Amino acid sequence: MLYPIFFNFFSKLPLGGDAYEYIWKLWWFKHTLLETGQSPWVAVDIYYPHGYLLAYGETTVANTILALPLTWFWGEIPTYNALVLLSTILSGFTMFLLAREVTGNFWAGLLAGIIFAFAPFRRLQLLHLNIATTQWFPLIFYFLERFARTRKPIYGPVAGLFFGLNALASWYYAVAGALFVLVWGLIRFRPLKDYLGQKQIRLGFSFFAVTATVLILPFAWPYLDIVGNPDIAIPMANSNFYSASLTDYLLPSPFQFLWGNWVFKNLLRRSSPGEFIIGWGFMAWLFALYGWRLARRQATGPWLAVVLVAVILSFGLTLHLAGRQIVIPVPTSITERFNEGLNTISLNYALESEPFTIGQTGGLVIPLPALVMRWFVPVIGKMRTWTRFGIIALFGMAVLAALGAAAWHQREILPKKSKVKQRVGWLGVIGLTLFELWWAPLPMVNPALQRPVDRWLAEQPEHFAIIQYPLASAFTAEQLIYTRAHGKPIVHGYATYFSFVFSRQHPELLDFPRAVALKQLAGWGVRYALIETAAPYTAEAEAMLARINQESCLHQRTFQGTVYVFELVGCGN
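Only a predicted model underlies this, so the values are computations on that prediction, with no experimental measurement involved.

Some details on the overall build of the protein chain
On a plain count of helices and strands, the protein chain comes out with 28 helices and ten strands. Its C-alpha radius of gyration of 26 Å places the protein chain within 12% of the 25 Å reference for a compact globule of 573 residues. Viewed in the frame of its principal axes, the protein chain has a C-alpha envelope of about 85 × 65 × 55 Å. Expressed as a percentage of the 573 residues in the protein chain, the buried residues total 57%. Of the contacts made within the protein chain by residues no fewer than 6 positions apart, 78% connect residues no fewer than 24 positions apart.

Next up, the structure:
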């Protein structure tokens, strides 16, 4: 599964795409902290002249800072590859530890570790260093489970340590960690009043909270500074797009070496299926359902709650089926009143006023708890990709599968089979699970470190800024890498919230090359506008080039690769 990473360890990246953002961040933290001594939280030559706040996206300091020695010694590409390899191996191992702790069964722990480490969701997310870092999550619950069993307060700060590392890997995981420690704890520590009446329990919880807070707060402040900024709000329609369906959990792995291509071509009907690949496989379903029916309710209860809450939240703002928003046909008058009511709530009562834009004219949509959280729960309402709660559902499902497998061992195998046959049976289960989840070889890509136009720009003297159009071509992770090649400030950039911030703060730049856009760019010291003509931007670029020909202050200077370069001469007059 992972051998292509070993064979291309120093030269290529798995999958590409957003991986470029994270190799830039690995370099940036090394560059600022070890070489220049400047603050890593602002890159002044990106989103010029305002400066690019790294809080517009994930800094994943559990990777970028903890891996500084590796980045300094090896460089960004091998460090990235080392981190995703370690995350996969450690995710399996830490889930094994947790499931063995919960079940007392080695083989059940091994099964859970395989399900968690090699689920298709994790393979997909190897291009997102933050989301791929799933190894800390099981350790939170491993030590909390030990704390629940032994009442020893020492396990509180250890669990808090891993809660902090999990949060610093991804702010998605910070939110998920806080929510699901609460969901799990309310059931695992029942009756809560009796537990909280014990001094050692209160002490352990206090140590947990203090340790986690001390770790997280120093790195959370840049985000707390911008969390109230309405310009970073994710549009409701964009957030609603990332709504999972129950069918997403039922699909076989599209990365499996034997049938994966068929699944991609015939069952993944979405235009952008990536974030919706969240199934966990038949073997996980089989043993989890067995455990739900036959394992002890006291053992399965907390994990079943984690799965159910995570699945419901992954369904997003409104209910979807097979990737399509469900609409209940009703008379137009009822639809209008329903949409007006939700619009009133959204505009007048939500924490951040916004119109309700995801209703349908042909019937009623079905609002879900995530919509209520968007309106009324701070921080979590800022989330964009609700499908990522699927990794928490996978986490809970892996433990349920382990509980089911342990119950199967106790009921079906232990009383009837010799030790040799028991091991053969378990090897069969492990083998089938591995076969079902086994990834086809990872595609490795050559990092797009520079283009011909970047070499040309690097040769130009003096200090000046550039901007690239169409903006869709500029809001890509590769643009961060290109800055290292040409060394010029860029007006554009890339991050989760960046395109929304840019569009809301500078609407005049959306209609290039109108005079108001040209005047603004000239005032910022922009010398060159780059026009990318490669697919999928060709049609938009050709239309833009036709308009550019009518502007007397834009002079073509060169054509490099697929990029036209125009100089702004007297555009501010």
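Past the structure itself, the notes keep going.
Thoughts on helix α22 (residues 419–437)
Each α-helix turn comprises 3.6 residues. Residues three or four places apart therefore point the same way. Between its terminal C-alpha atoms α22 stretches 27 Å, which fits the 27 Å expected from 19 residues at 1.5 Å a residue. All buried positions along α22 are accounted for by Gln422, Trp426, Val429, Ile430, Thr433, Glu436 and Leu437. Buried residues of α22, seen end-on, are gathered within an arc of 130° and therefore sit on one face of the element. Residues Val420, Lys421, Val424, Leu427 and Leu432 are exposed on α22 and point more than 90 degrees away from its buried face. Turning to α22, the residues buried within the fold contact α6 (106–118), α7 (120–124), α17 (282–294) and α21 (390–413).

Description of the packing of helix α9 (residues 136–150) against helix α10 (residues 155–169)
α10 packs onto α9 with a crossing angle of 160° between their chain directions and a minimal axis gap of 8 Å. In terms of orientation, α9 and α10 fall into the roughly antiparallel class. The way α9 lies across α10 gives a crossing that is left-handed. Each of Trp136, Phe137, Leu139, Ile140, Phe143, Leu144, Arg146, Phe147 and Thr150 in α9 lies in contact with α10, whose residues at this interface are Tyr155, Val158, Ala159, Phe162, Phe163, Leu165, Asn166 and Ala169. When grouped by side-chain class, the residues that make up the contact of α9 with α10 number 14 nonpolar, two polar and one charged.

Topic: the pairing of strand β7 (residues 465–469)
Burial within β7 is extensive, with five of its five residues counted as buried. Of the two faces of β7, both are covered, the one formed by Ala465, Ile467 and Tyr469 as well as the one formed by Ile466 and Gln468.

What about the sheet that holds strand β9 (residues 554–560)?
Across a sheet, strands are paired by hydrogen bonds formed along the backbone, either parallel or antiparallel in direction. An order of β7-β8-β10-β9 is seen for the four strands of this open sheet, with the pairing classed as mixed. The open sheet has two edge strands with one neighbour each: β7 and β9. Sheet twist, expressed as the mean angle between neighbouring strand axes with direction ignored, is 25°. Inspection of the sheet shows strand β8 (residues 526–532) paired to strand β10 (residues 563–568) by five bridges, in the antiparallel sense. Across the sheet, Ile531 pairs through a bridge with Tyr564, a residue of β10. In the packing of helix α23 (residues 452–459) onto the sheet, the strands contacted are β7, β8, β9 and β10, and the crossing angle to β9 comes to about 120°. Relative to the sheet, helix α28 (residues 538–548) contacts β7, β8, β9 and β10, its axis offset from that of β8 by approximately 140°.

Thoughts on the side chain of Thr134
Turning to its location among the elements, Thr134 is positioned in the loop between α8 (129–132) and α9. At 2.8 Å, the side chain of Thr134 forms a polar contact with the side chain of Arg122. Discounting residues that sit within four places of it in the chain, Thr134 has contacts with Ser91, Phe116, Arg122, Tyr173 and Ile391.

Structural notes on the packing of aromatic side chains
With the rule as written, the count across this model stands at 61 aromatic pairs. Pairing Phe287 with Trp408 gives two aromatic rings, centres 5.7 Å apart and planes at 70°, and the pair type is edge-to-face. Here the residue Phe287 occupies a position in helix α17, and Trp408 occupies one in helix α21, the gap between them amounting to 121 residues. Their ring planes at 70° and their centres at 5.3 Å tell us that Phe475 and Phe502 sit as a pair that is edge-to-face. Placement of the pair is Phe475 in the loop between α24 (471–474) and α25 (478–486) and Phe502 in helix α26 (residues 498–505), with a sequence separation of 27 residues. What makes Phe475 buried here is its relative accessible area of 16%. Put simply, the rings of Phe116, Phe137, Phe141, Phe147, Trp184, Phe189, Tyr195, Phe205, Trp303 and Phe395 touch in pairs and so form one group of aromatic residues. Over the aromatic face of Phe255 sits the side chain of Arg123, whose NZ or CZ is 4.0 Å from the ring centroid. In this structure, Arg388 is placed above the aromatic ring of Tyr172, and the distance from its NZ or CZ to the ring centre is 4.9 Å.

Describing the nonpolar core
Grouped together as the largest cluster of nonpolar side chains are 197 residues, with contacts concentrated most on Trp24, Tyr52, Phe180, Trp303, Phe389 and Phe512. It is α21 that provides the largest number of residues to this core, a total of 16 residues. Those residues in contact with Trp24 that lie beyond four places of it in its chain are Ala43, Ile46, Tyr52, Leu54, Leu480, Ile481, Thr483 and Arg484.

Considering unusual backbone geometry
Note that the residue after Arg190, namely Pro191, is joined by a cis bond; omega there is -10°. Looking at the element boundaries, Pro191 is found in the loop between α11 (171–188) and α12 (192–196). For the bond running from Ala535 to Pro536, omega is 5°, close enough to zero to count as cis. The backbone of Thr60 shows a phi angle near 40°, a positive value even though the residue is not glycine. Its place among the elements puts Thr60 in the loop between β3 (52–53) and α3 (61–64).

Describing the environment of Asn266
By the element assignment, Asn266 lies in helix α16 (residues 260–266). With relative accessibility at 30%, the residue Asn266 sits in the partly exposed group. At 2.9 Å, the side chain of Asn266 forms a polar contact with the backbone oxygen of Trp262.

What about the pairing of β10?
Judged by how many residues are buried, β10 sits mostly within the fold: five of six residues are covered. As judged from the six bridges shared by β9 and β10, these two strands associate in the antiparallel manner. Following the sheet pairing, Gln556 is matched in β10 by Phe566. Two successive antiparallel strands, β9 and β10, enclose a turn made up of two residues, where Gly561 displays a positive phi of approximately 65°.

What counts, and where the lines are drawn
Residues numbered from 1 in each chain as written. Predicted model: local features only at pLDDT ≥ 70, side-chain atom pairs only at ≥ 80, totals over all residues. Heavy atoms only, no water. Helix = DSSP H or I, 4+ residues; strand = E, 2+ residues; numbered from the N terminus. Rg over C-alpha atoms; globule rule 2.2 N^0.38 Å. Buried < 20%, exposed > 50% of the residue type's maximum accessible area, 1.4 Å probe, protein only. Contact = heavy atoms within 4.5 Å. Expected span 1.5 Å × (residues − 1). Arc of directions from axis to C-beta. Axes fitted to C-alpha atoms, helices over the stretch in contact; angles between N-to-C directions. Parallel < 35°, antiparallel > 145°, perpendicular 65-115°, else oblique. Left-handed = near helix turned anticlockwise from the far one by under 90°. Nonpolar A, V, L, I, M, F, W, Y, C, P; charged D, E, K, R; others polar. Pairing = 2+ DSSP bridges. Polar contact = N/O pair within 3.5 Å; in protein donor to acceptor, adjacent residues only side chain to side chain. Phe/Tyr/Trp six-rings, centres within 6.5 Å; stacked < 30°, edge-to-face > 60°. Lys NZ or Arg CZ within 6 Å of the ring centre and 35° of its normal. Core = buried A, V, L, I, M, F, W, Y, C linked by side-chain atoms within 4.5 Å.

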